[in-house]
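So the chains spell out like this:
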Amino acid sequence: SSGINAEYGGFDWPPSFDAAKHAAYIEKHSKKQKKALKIWAALDGKYIKSDTLKKLIRKGIPRQYRCEVWMSISSAKYLMENNVGRYNILVTKCADEETYSNIRDTSGEKDLEMIRRDLPRTFPENPPFQQPVMLNNLQDVLLAFALYKPEIGYCQGLNFIVGTLLLATQKDDGELRPEECFWLLVSLIDDILPDYYSDRMTSLNKDCLVLDTLLKKRLPKIHTQLSAFDLPLQMFVTKWFVCLFVDSLPMQTVLRVWDVIFNEGVKVIFRVSVYQFVVHKYELKQISDASGLALFFREMFWDNAAWDSYTYMKNVFKKTGKMARTSLEEKRSHQHNIMYLQR
C-alpha cells in the first residue's frame, strides 16, 4: 500500500498512485468544485426533480450536500418524516437478543450472528471502521433493517452498502447519521433494487442476464471472447449489483455513481457495468484463459481509469449508448419470462 487516502474516507491509494499527477488533478478541478458549491447553495435545500437537477447530479453532489440531496431525491426523507422515532424503537428492540431468536437466514443461521461476523470484515483497513462508534452504528442499522424487513433479514453485501452510507452521510465534525442511513437503505432496497436481496434473488439473476444481452449488442467481440471461457458472467458481476460497485471502484467514484443511482435508478447500474467493459476492452482482449479473467476482475478496483471520477462519470453516459428505461424494462421482462419457463 502507498499510504492512506484521507481525502476519500480513509481508503488506500492504489499501488501505482502518482502523487504529482493527483495534485494536478485536484488543482484542475478545484475551480469547478467552488463553482458547483455556489450553484448547490443557491438551490437553498429545494431539490425538485428536473433536467437541470439531473445534469447537476451527474456532475457530482458536493460532499456537504450529499446526505440531504440523497434523502430528498429518494423516498428516504418522506419515510423518516412519516415514521418519527421508528428507527430508535427498532434499535431498542435490537438490544434484546431474544428478538432475533426466530429470525434466521435460509441456512438457519441467525441474522445477529451473521452481522456480528461481518462487522470486522467491513472495510477493515479503513481507520473509521476500526472505531467502536462506527461498528456499533453499522450493527444498529443492519439489525434494525433485519427487524424492519424480516423477509430479507440480513444478506452479505448489505454491510458494505450501510458502511458506505455511514461514510457518505457523515457530518463535517465526524458525527454519524444512522437514522438517515437506515431510511436511505430502505429506499434503496424498496424502490431501486427490488428483489436483489430476497432468498430467490430473482431480479438480481434477471439483471445479470440483461447485462449479458447489453454486452452482446454493444461489445460483440468481447462478449464472444468471454463466452468462450465458459464461465457465467454472473460469477463476476453479481457483486457489482449487490454492493453497487463498492470494492470494484474507488470510493470517490462509487459515491458519484450512487449520486446518480438515487436520482435515476437501476439503469445507472447497467450503464456503469457496460462502461467497465468498454474502458477495459483492450486488457480484456489480452486475456487467454479463465484464470486470467478471474484475476482481471479481482484487480479491476486498482485500475487508474476510475480514479478520475469526473472523466469516468462523463464517459459512463457518453460511451455506453442510449439506454432508455422502457428498453431496459422490456429486456428485464423478457428475461423474467425465460426464467419462469425454465422453472
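Residues numbered from 1 in each chain as written. Predicted model: local features only at pLDDT ≥ 70, side-chain atom pairs only at ≥ 80, totals over all residues. Heavy atoms only, no water.

Q: Explain the confidence of the model for the chain to me, please; I cannot follow it from the model alone.
A: Regions with low pLDDT carry predicted coordinates that are not meant to be interpreted in detail. Residues at a pLDDT of 70 or more form 83% of the chain, whose mean pLDDT is 84. Every residue in residues 339-343 scores below 50 in pLDDT, and together they form five contacts with partners more than four places removed in sequence or on other chains. (pLDDT = per-residue confidence, 0-100. Contact = heavy atoms within 4.5 Å.)

Q: I would appreciate a short explanation of a positive patch on the surface in the present structure.
A: Positive charge collects at one region of the surface, where K28, K32, K35, K55, K59, K314, K318 and K319 lie side by side. Those elements giving two or more residues to the positive patch turn out to be α1 (19-42) and α17 (309-318). Looking at the positive patch element by element, the count peaks at three residues for α1. Within the secondary structure, K59 is located in the loop between α2 (51-58) and α3 (63-73). Accessibility expressed as a relative area gives 64% for K59, which makes it exposed. (Patch = residues over 30% accessible without salt bridge, like charges linked within 9 Å, V, L, I, M, F, W, Y side chains within 5 Å. Areas by Shrake-Rupley, 256 points an atom, 1.4 Å probe, with all protein chains shown as cover. Salt bridge = Lys/Arg side-chain N within 4 Å of Asp/Glu carboxyl O. Lys, Arg positive; Asp, Glu negative; His and termini not counted. Charge placed at Lys NZ, Arg CZ, Asp CG, Glu CD. Helix = DSSP H or I, 4+ residues; strand = E, 2+ residues; numbered from the N terminus. Buried < 20%, exposed > 50% of the residue type's maximum accessible area, 1.4 Å probe, protein only.)

Q: Would you mind going over the side chain of N159 with me for this structure?
A: With respect to the element layout, N159 can be found in helix α8 (residues 158-169). Under the relative-accessibility criterion, N159 is labelled buried at 3%. Side-chain polar atoms of N159 contact the side chain of Y154, separated by 3.3 Å. For N159, the side chain forms a polar contact with the main-chain nitrogen of G157, separated by 3.1 Å. Ignoring sequence-local partners within four residues, the contact set of N159 consists of D118, T122, L138, L142 and Y154. (Polar contact = N/O pair within 3.5 Å; in protein donor to acceptor, adjacent residues only side chain to side chain.)

Q: Looking at this structure, I do not really get the side chain of T122. What am I missing?
A: Structurally, the position occupied by T122 is in the loop between α6 (111-118) and α7 (132-148). In this structure T122 comes out as buried when scored by relative accessible area, which is 0%. Within the structure, the side chain of T122 is placed 2.9 Å from the backbone oxygen of D118, a separation counted as a polar contact. At 3.0 Å, the side chain of T122 and the side chain of N159 are in polar contact. With residues near it in sequence (within four places) discarded, T122 still touches F129, L138, N159 and F160.

Q: Even after reading the chapter, I still don't get the pattern of salt bridges, so can you show me in this structure?
A: Pairs may arise between side chains of opposite charge once their charged atoms sit close together. According to the stated counting rule, one finds eight salt bridges in the structure shown. The shortest N-O distance in the salt bridge between D118 and R121 comes to 3.3 Å. For D118, a relative accessible area of 3% translates into the label buried. Between E175 and K171 there is a salt bridge, and its shortest N-O distance comes to 3.5 Å. Salt bridges here are not isolated pairs; linked through shared partners, they connect K149, E151 and D190.

Q: Would you explain the packing of helix α5 (residues 86-94) against helix α9 (residues 178-192) in this entry?
A: When two helices pack together, their arrangement is captured by the angle between the axes and the distance separating the axes. As a packed pair, α5 and α9 sit with axes 10 Å apart at the nearest point and diverge in direction by 95°. With respect to their mutual orientation, α5 and α9 come out roughly perpendicular. When α5 is examined against α9, the residues R86, Y87 and L90 are found in contact with a partner set consisting of P178, E179, F182 and W183. Looking at the contact of α5 with α9 residue by residue, the classes come out as five nonpolar, no polar and two charged. (Axes fitted to C-alpha atoms, helices over the stretch in contact; angles between N-to-C directions. Parallel < 35°, antiparallel > 145°, perpendicular 65-115°, else oblique. Nonpolar A, V, L, I, M, F, W, Y, C, P; charged D, E, K, R; others polar.)

Q: So what exactly am I meant to see when it comes to the environment of N136 here?
A: As for its position among the elements, N136 is in helix α7. The exposure class of N136 is partly exposed, given its relative accessible area of 48%. Taking the C-alpha atoms as reference, N136 lies 8.9 Å from L119; in sequence the two are 17 residues apart.

Q: How should the environment of M71 be read in this particular structure?
A: Considering the arrangement of structural elements, one finds M71 in helix α3. Along the backbone, M71 and T169 are 98 residues apart, and their C-alpha atoms lie at a distance of 9.9 Å. The residues contacting M71, other than those within four sequence positions of it, are A76, K77, M80, E180 and L184.

Q: Whenever I open this one, the environment of I39 confuses me. Can you help?
A: By secondary structure assignment, the location of I39 is in helix α1. Judged by its relative accessible area of 37%, I39 is partly exposed. Sequence separation between I39 and L56 is 17 residues; the distance between their C-alpha atoms is 8.9 Å.

Q: When you look at α9 in this model, what are you seeing that I'm missing?
A: Between its first and last C-alpha, α9 extends 20 Å over 15 residues, near the 21 Å set by a 1.5 Å rise per residue. α9 sits mainly inside the fold: twelve of its 15 residues count as buried. Along α9, the residues classified as buried are P178, E180, C181, F182, W183, L184, L185, V186, S187, L188, I189 and I192. Looking at the buried positions of α9, the neighbouring elements they touch are α3, α4 (76-81), α5, α7, α8 and α13 (251-264). (Expected span 1.5 Å × (residues − 1).)

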